[in-house]
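Listed below are the residues making up each chain.
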Amino acid sequence: MRLTKATDLALRVVMSLAATDPEPSTARRIADEMRVPYNHLAKVVARLQRMGVVETRRGRGGGLSLTDTGRTASVGRLVRDLEGAGDVVECEGDVPCPLRQACRLRSALRRAQEAFFASLDEVTLADLVAPPTGPVLLGLVGRPPSG
């Protein structure tokens, strides 16, 4: 299974926010850190906001920060919500697969996909920003790593 670029970026956004938590960051700063176009990142942030993972505040002292839901969500939940529950293969597309009535591949791939998500259910944002990743993320934002 390959994650979409949007899901990859969304995970990197929440990792960046987790590393600097509770201090807010800005979408512009994260876009620069991740070397991605600001407009693309803004769309990803909007989606994370709709999911209840990130909150945005305007004005002085504002910016992006994780919500309580975002702080406690497993990576598996985030990936499920970002990727959707679609099948790994398309059996019913414009040209339906002729094997779909008797095929065992679809169910095997569905089990593999659930195993993939289940393994990510055990991973938290805190796990993702533990050393050595957290200090690297802090270095991207120009903050010295603590301890």
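Scroll up to find the structure.
Residues numbered from 1 in each chain as written. Predicted model: local features only at pLDDT ≥ 70, side-chain atom pairs only at ≥ 80, totals over all residues. Heavy atoms only, no water.

Q: Looking at this model, I keep getting lost on the overall build of the protein chain. Mind explaining?
A: Check the secondary structure of the protein chain and you find eight helices and two strands. For the protein chain, the α and β elements follow one another from N to C terminus as α-α-α-β-β-α-α-α-α-α. Referenced to the eigenvectors of the C-alpha coordinate spread, the extents of the protein chain come out at roughly 60 × 30 × 25 Å. Taken across its 147 residues, the protein chain has 35% of its residues classed as buried. Once local pairs closer than 6 in sequence are excluded, the contacts in the protein chain between residues at least 24 apart make up 67%. Positive and negative side-chain charges in the protein chain, numbering 21 and 17 respectively, have mean positions lying 4 Å apart. (Helix = DSSP H or I, 4+ residues; strand = E, 2+ residues; numbered from the N terminus. Buried < 20%, exposed > 50% of the residue type's maximum accessible area, 1.4 Å probe, protein only. Contact = heavy atoms within 4.5 Å. Lys, Arg positive; Asp, Glu negative; His and termini not counted. Charge placed at Lys NZ, Arg CZ, Asp CG, Glu CD.)

Q: So what exactly am I meant to see when it comes to the packing of helix α1 (residues 5–20) against helix α5 (residues 75–83) here?
A: Two quantities define a packed helix pair, namely the angle between the axes and the distance from one axis to the other. Between α1 and α5, the shortest axis-to-axis distance is 10 Å and the interhelical angle comes to 140 degrees. Judged on the interaxial angle alone, α5 and α1 are oblique. Both α1 and α5 take part in a crossing whose hand is right-handed. Contact residues: α1 offers Thr7, Ala10, Leu11 and Val14, while α5 offers Val75, Leu78, Val79, Leu82 and Glu83. Class assignment for the residues of the contact of α1 with α5 results in seven nonpolar, one polar and one charged. (Axes fitted to C-alpha atoms, helices over the stretch in contact; angles between N-to-C directions. Parallel < 35°, antiparallel > 145°, perpendicular 65-115°, else oblique. Left-handed = near helix turned anticlockwise from the far one by under 90°. Nonpolar A, V, L, I, M, F, W, Y, C, P; charged D, E, K, R; others polar.)

Q: Help me understand the nonpolar core in this model?
A: Soluble globular proteins: nonpolar side chains tend toward being buried together. Ranked by size, the top nonpolar core spans 34 residues in total, and within it Val13, Val14, Leu41, Leu48, Val53, Val54 and Leu66 carry the most contacts. Breaking this core down by element, the ones donating at least two residues are α1, α2 (27–34), α3 (38–50), β2 (63–66), α5, α6 (105–121) and α8 (133–140). No other element matches α1, which puts nine residues into this core. Aside from chain neighbours lying at most four places away, what touches Leu66 is Val14, Leu17, Ala18, Val53, Val54, Glu55, Arg71 and Leu125. (Core = buried A, V, L, I, M, F, W, Y, C linked by side-chain atoms within 4.5 Å.)

Q: I'm lost on the environment of Gly70 in this one. Help?
A: As for its placement among the helices and strands, Gly70 is situated in helix α4 (residues 68–72). In this structure, the C-alpha to C-alpha distance between Gly70 and Gly52, residues 18 residues apart in sequence, is 7.0 Å.

Q: Would you mind going over the pairing of β2 with me for this structure?
A: For a regular strand, side chains alternate in direction, first toward one face of the sheet and then toward the other. Here strand β1 (residues 54–57) pairs with β2 via four bridges, running antiparallel. Pairing of Thr56 across the sheet is with Leu64, part of β2. Remark: five residues form the turn of the hairpin made by β1 and β2, two consecutive strands paired antiparallel; Gly59 in that turn has positive phi of roughly 90 degrees. (Pairing = 2+ DSSP bridges.)

Q: I tried to follow the packing of aromatic side chains on my own but got confused; where do I start?
A: The relative placement of two aromatic rings is captured by the distance of their centres and the angle of their planes. What the rule picks out here adds up to one aromatic pair. Measuring from ring centre to ring centre gives 5.7 Å for Phe116 and Phe117, while their planes differ by 55 degrees; the resulting arrangement is tilted. The exposure class of Phe117 is buried, given its relative accessible area of 2%. Its end group placed over the ring of Tyr38, Arg28 keeps NZ or CZ at 3.9 Å from the ring centre. (Phe/Tyr/Trp six-rings, centres within 6.5 Å; stacked < 30°, edge-to-face > 60°. Lys NZ or Arg CZ within 6 Å of the ring centre and 35° of its normal.)

Q: I'm lost on the pattern of salt bridges in this one. Help?
A: Close approach of charged atoms allows side chains with opposite charge to pair. Inspection of the entire model under this criterion finds seven salt bridges. Asp8 is the partner of Arg12 in a salt bridge, and the nearest nitrogen-oxygen pair spans 3.5 Å. Pair noted here: Arg12 and Asp8 are both in helix α1, with a separation of four residues, about one helical turn. Residue Asp8 is classed as partly exposed on the basis of its relative accessible area, which comes to 36%. A network of salt bridges, in which partner residues are shared, links Asp21, Asp68 and Arg71. (Salt bridge = Lys/Arg side-chain N within 4 Å of Asp/Glu carboxyl O.)

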